[in-house]
Structure formats: C-alpha cells, structure tokens
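# Report on the structure
For reference, the chains in residue letters:
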Amino acid sequence: MIEFKEAAVVAPDSGVPILEPTTLTLTEDRISIIGANGSGKSTLARLINGLVLPVTGSVEVDGLDTQKNGAQVRRKVGYLFTDPSAQLIMPTGVEDVALSLRRVIKNRKEREEAAMAALKEIGLAAKADVSVNALSGGQRQLLALAGVLACTPEIVVADEPTTLLDLRWRAHVGALLRSLPLQVIEVTHDLDSAARAERTLVVDLGRVVFDGDPKEAVGIYRDLMFGRATQGATA
Amino acid sequence: MISLLGLYRPRRTPLHRAPVWFKMLLLLGISITTIAVSDPVTTIGITAACLLLLASTLPPLKATLKGMAFIIVIAALTTLFQLWRGEYVRALDLAGDLISIAALALAITSSTSMGAMLDFITTLATPLKWILPPETIGVMVSLTLRSIPEAARILTEARVAARARGLDRDVRAILFPSASRTVGFALQLGQALHARGIAEHGRAAKATPRPAPQGDDAVAPVLPSPPVREAVPGDPENSTS
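Here the structure is a predicted model, which means the values were calculated and not measured. (Residues numbered from 1 in each chain as written. Chains lettered and ligands numbered in written order. Predicted model: local features only at pLDDT ≥ 70, side-chain atom pairs only at ≥ 80, totals over all residues.)

### Observations regarding the sheet that holds strand 1 (residues 2-10) of chain A
All names here are of chain A. We apply this condition: Strand pairing is defined by DSSP finding a minimum of two bridges between the two strands. The helix and strand labels rest on DSSP assignments: H or I over at least four residues marks a helix, E over at least two residues marks a strand, and numbering proceeds from the N terminus.
Within the open sheet, the four strands sit side by side as 2-1-4-5. Their pairing is antiparallel. Single-partner strands in this sheet number two, and they are strand 2 (17-26) and strand 5 (64-65). For strand 1 and strand 4 (residues 56-61), the ladder comprises five bridges, and the chain directions are antiparallel. Looking across to strand 4, one finds that lysine 5 is bridged to serine 58.

Laid out in structure tokens, this is it:
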C-alpha cells in the first residue's frame, strides 16, 4: 500500500511548488497517472520510490517512509524510466540485469544464470550478449524492465515507458506491464492505456484534480487540455 | 576507441577462461618487459605472442581491425620519425612496444566480461573501503566506460543539429548543447542508479535478500515473444532477431 500524507514538493532554488500537498492511498493493482507536460505527474511517481523526497508531509510504502527507509523502499519499488538508454549501465543485456542482482546474489555465475532467466522470461534471451547500443528502442525498454523485474519488486512505477516507442513496441510493452502480477503505476500520455487501469489520477498544475474512474478521468483530462487550447487560441 | 568497448563476446577460449587477476598481471608483466627490454628479437617475439593471444580470443574482426588500425598508424608515425633520426633498433622497439601492449589490452577486453571486470575492481578496491565502498568504485569504472559511447553519440547529434541550422563551422553550436546534454545524461544515469538501488553508500551490501516468490506467487511467464525488430545497419547480431 502506498500512502501520500500531505506530501508536497517545491523547486529547490525558486521555491515554486511542483506538487501541492497531496494525500492519497493507492491500493489498486493498476493505476494510471495522466496530465500535461510539466504538470507534476512524474514528480508524483518519483515520490513513490524516493527518487524525489517530499519537502513537507511524507510518502510511505507498506509503512516504510521514503525519507527514512529509502533503500528498503527501492527494494520494494522498481522504477522504469521513459528513456531506457539512461537506465542501462553495462555493455550487454545479461550484464546489465546481473548488475541489478549484485546486491542479492554474490556469486557471479549464479547471478548471470538468474539474469539470463530474467531475460528469457521477458523474451530477450537471444539478445543477452548483444551490446545495448545495438538494441532497438523497444528492446532496450524491455531490457530495462527485465533489470527492474529481476529484483522481484512488489510495485513497478513506469514513467511514460512507451513514449519513445513505435506502435508495435508500445503495444508489446503495454501488454507486458498489464500482465505483471504486481502493483503497476503507470505515468502515461497514452489515453487508451490509461483507460485500462483500475484507477486514474489526473494531475494538473501540481495538483491531483481528479482521482477515480479511468474513463471519466480521460474525459476530464481531454476537457482540461482542449479547454486550455481554446483559451490560448482566443486570448 | 568507441568500437572497442563492445568487443567482448562470450567464448570458451583459454583467455576467456583465465581469471581476471591473471590477465591483468599478464598485461602488467608484458608492459614492464616491453618497456625494459629493447632487444629486437625479444621485441619481435613478444609482439608476435601478443598478436597470437589476441587472435586466440576470436574477437569480432571489424571492430578489432578498427581498434588496431589507430595504434598501427601511431606506431608507423613513431617508426618513421625514429628511422629519420637513424635509430633503427629504437624504431623497431617502439613500434613493437605499442602494438604488443595494444594487442594484449584488446585480447583482455575481448575475453573479459564487464561483470568479471567489475568483480575484479571491487575486490581490488577493498582496501579503500574506508574511503569509498568498493562496489561504488567498481560501478564508477563501469559508468565511465558506459559514458564514452554516449558522449560520442551526443557530440555526433549536436554536430548534425548544428549542420542542419547552417552552423557547422560554429564550435559553440556544437560544444554548448553537447556539454548540457552530457550533464543531463549524467543526471539521468544518476537517477537510474538511485532508482535501481545500486551503490547506495554500501548499504546495498548489507541488504537482506528477499526470497524469490515460489509456487503460486511466482511471476507468471510473460508474453510469448517480442516484436521482431527492424534491421539495424552494422548490427552483427541482426540475424538472431
């Protein structure tokens, strides 16, 4: 269970609020977060695994405070970035997944076997020894996901995981995320994907302006965006 | 140099099976010997042995030739300079030294996985654990290697973007965006490390592993197979797609 208790974030230098005090309890297995660019949705997602810490209030994952128990929280919460290139550190896929496993499996051979198993499960076994630079964007995103899943997290937070992908990879990665037997929180601009969640949060100007039924949330988000576009055109 | 970073291929050659410490010791020993000894016969012998060692690791031909070509050009220029000065033995010695050390370094690169190298560096850095956790030092080395091709990619993209704007002769139009994007990449990489819980000030090493889910709780097999990727020019593994 993820609990936001009046969690707020401000820009470090200017003090401009990025996320207004937010109180939420997230228990559903599939949650989507939608909103305009710069609305604060990624900040909201990053609060969950302690990548961003609240200035006031707190965020807890299964009772663990992200501020006090950051390392433990990150073992529970895997994070998938938009650009997998920034997430991949080692030269080949199998080595990259093995890097994620270093803290739990000390023996290199066992670690590589576990990494290989993770790649096999995700359908990337054939690319295990290929340079990460030679993989397509979709394959890199799968590899990044394999690195996250290899650590057996209980929650996966995916920050626009399909934004940089073409249609077929978008469908594949989207289906893969939906099939995970874990709690998945996806920040997305893909409204179809957002509508498939159990619960959707709409973030606008640093506030959660809607929290509830995904289809209703998508409608509200569209109204917000098109309303703003109309205002902009007539101003 | 960039192409060399993808040299490693898993194989069963003797050098692949040799422990990393042995390979590093070999590199150190050969480097000292080549510098200390200037006898032409010994130089030729060591150079031939190093080239044979490199060939024995069955490295990818194109990338290896590309890497060696640079060294051979440097060696040729050095040799020509020494010949011009009339120092024939020195010319042979310098060229031999350069080629043998480069060939041996390539042989080690092509036969050692980054994981094995990371383990070696981590072990080597253990005495420094009071300053920085050994794991962190190992990750730092990996990150440095990882960043080289990325920095080169950013520089190439900045050059193309500058050309598209008709600013290909303006150094600032290439360097400023390259510098800011490189810093951006470093920040993203740092966040990714943080998110993955890698090298978290040594706390990771003390982490208690959570048991992998068993039985009904085990992760169900995911989708059958990912989409077949499009052909990428120069990707030697394309055929496996």
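### What about the domain arrangement of chain B?
As a reminder, the rule being used: Residue ranges for the domains trace back to a domain assignment, done automatically or taken from a database.
According to the domain assignment, chain B consists of domain 1 (2-112) and domain 2 (123-202). The distance between the C-alpha centroids of domain 1 of chain B and domain 2 of chain B comes to 28 Å.

### Some words on the environment of Ala103(B)
What counts here: Contacts are defined on C-beta atoms placed from the backbone: any two residues whose C-beta positions lie within 7 Å are in contact.
Here Ala103(B) lies in helix 5 (residues 88-111). Excluding residues that lie within four positions of it along the chain, Ala103(B) makes contacts with Cys50(B), Leu51(B) and Leu54(B).

### What about the sheet that holds strand 10 (residues 207-212) of chain A?
Sheets are built from strands paired through backbone hydrogen bonds, the pairs being either parallel or antiparallel. Residue and element names in this part refer to chain A. Convention followed: To get an axis, a line is fitted to the C-alpha atoms, and for a helix only the part in contact is used. The angle between two axes follows their N-to-C directions and goes from 0 to 180 degrees.
In spatial order, the strands read 6-7-8-3-9-10; together these six strands make up an open sheet with mixed pairing. Because the sheet does not close on itself, it has two edges, and the strands there are strand 6 (77-80) and strand 10. Sheet twist, expressed as the average angle between the axes of neighbouring strands with direction ignored, equals 15°. Across four bridges, strand 3 (residues 30-35) lies against strand 8 (residues 183-187) in parallel orientation. Across the sheet, arginine 30 pairs through a bridge with valine 184, a residue of strand 8.

### Considering the nonpolar core
Heads up, the condition is: In these notes, a nonpolar core means any group of buried Ala, Val, Leu, Ile, Met, Phe, Trp, Tyr and Cys residues linked to one another through C-beta atoms within 7 Å. Here a residue counts as buried when 20 or more other C-beta atoms sit within 10 Å of its C-beta, as exposed when there are 12 or fewer, and as partly exposed otherwise, the C-beta atoms being derived from the backbone.
Counting residues in hydrophobic clusters, the biggest one holds 76 residues, and the most contacted among them are Ile48(A), Val97(A), Leu119(A), Ala146(A) and Val157(A). When residues of this core are assigned to their parent elements, the largest contribution, seven residues, is made by helix 5 (residues 137-149) of chain A. When sequence neighbours within four positions are dropped, the list of residues in contact with Ile48(A) reads Ile2(A), Val59(A), Val61(A), Val77(A), Val157(A) and Ile185(A). Counting 19 residues, the second-largest nonpolar core is a separate cluster that includes Leu53(B), Ala91(B), Leu94(B) and Ile108(B).

### Details of the UniProt feature "transmembrane region" (unreviewed entry) in chain B
Using the following cut-off: UniProt positions are given in the numbering used here, feature names are shortened, and annotations may be inferred rather than shown by experiment.
The UniProt entry lists residues 20-37, 43-61, 68-86 and 98-121 of chain B under the feature "transmembrane region" (unreviewed entry), expressed in the numbering used here. When the span residues 20-37 of chain B is considered, its composition is 94% helix and 0% strand, and the gap between its end C-alpha atoms is 25 Å.

### Re the packing of helix 7 (residues 134-164) of chain B against helix 8 (residues 171-196) of chain B
Residues and elements named next belong to chain B. Our working definition: Helix crossings are classified by the rotation of the near helix relative to the far one: an anticlockwise turn of less than a right angle makes the crossing left-handed, while a clockwise turn makes it right-handed. Each residue is assigned to one class: nonpolar for Ala, Val, Leu, Ile, Met, Phe, Trp, Tyr, Cys and Pro, charged for Asp, Glu, Lys and Arg, and polar for all the others, Gly among them.
Direction vectors running N to C along helix 7 and helix 8 enclose 145°, while the axes themselves pass 9 Å from each other. Relative to helix 8, helix 7 is oriented so that their crossing is right-handed. Contacts from Leu143, Glu150, Ala151, Ile154, Leu155, Ala158, Arg159, Ala161 and Ala162 of helix 7 reach helix 8 at Ala173, Ile174, Pro177, Ser178, Arg181, Thr182, Phe185 and Leu189. Counted by class, the contact of helix 7 with helix 8 contains twelve nonpolar, two polar and three charged residues.

### Details of unusual backbone geometry
Residue and element names in this part refer to chain A. We note that aspartate 62 has phi near 50°; this positive angle belongs to a residue other than glycine. Note on placement: aspartate 62 falls in the loop between strand 4 and strand 5. Residue classification places aspartate 62 among the partly exposed residues on the basis of 14 C-beta atoms within 10 Å. Of note in this structure, glutamate 160 is not a glycine but carries a positive phi near 45°. Since 19 C-beta atoms lie within 10 Å of it, glutamate 160 is described here as partly exposed.

### Brief notes about the packing of helix 5 of chain A against helix 6 (residues 167-179) of chain A
Residue and element names in this part refer to chain A. So the rule is basically this: Each angle gets one of four labels, with under 35 degrees taken as roughly parallel, over 145 as roughly antiparallel, 65 to 115 as roughly perpendicular, and the rest as oblique.
Interhelical geometry of helix 5 versus helix 6 gives an angle of 15° and a closest axis separation of 10 Å. When the interaxial angle is binned, helix 5 and helix 6 end up roughly parallel. Here helix 5 runs over helix 6; the crossing is right-handed. For the pair formed by helix 5 and helix 6, the contact residues are Gly137, Gly138, Gln141, Leu142 and Leu145 on the first element and Trp169, His172, Val173 and Leu176 on the second. For the contact of helix 5 with helix 6, the per-class residue count stands at five nonpolar, four polar and no charged.

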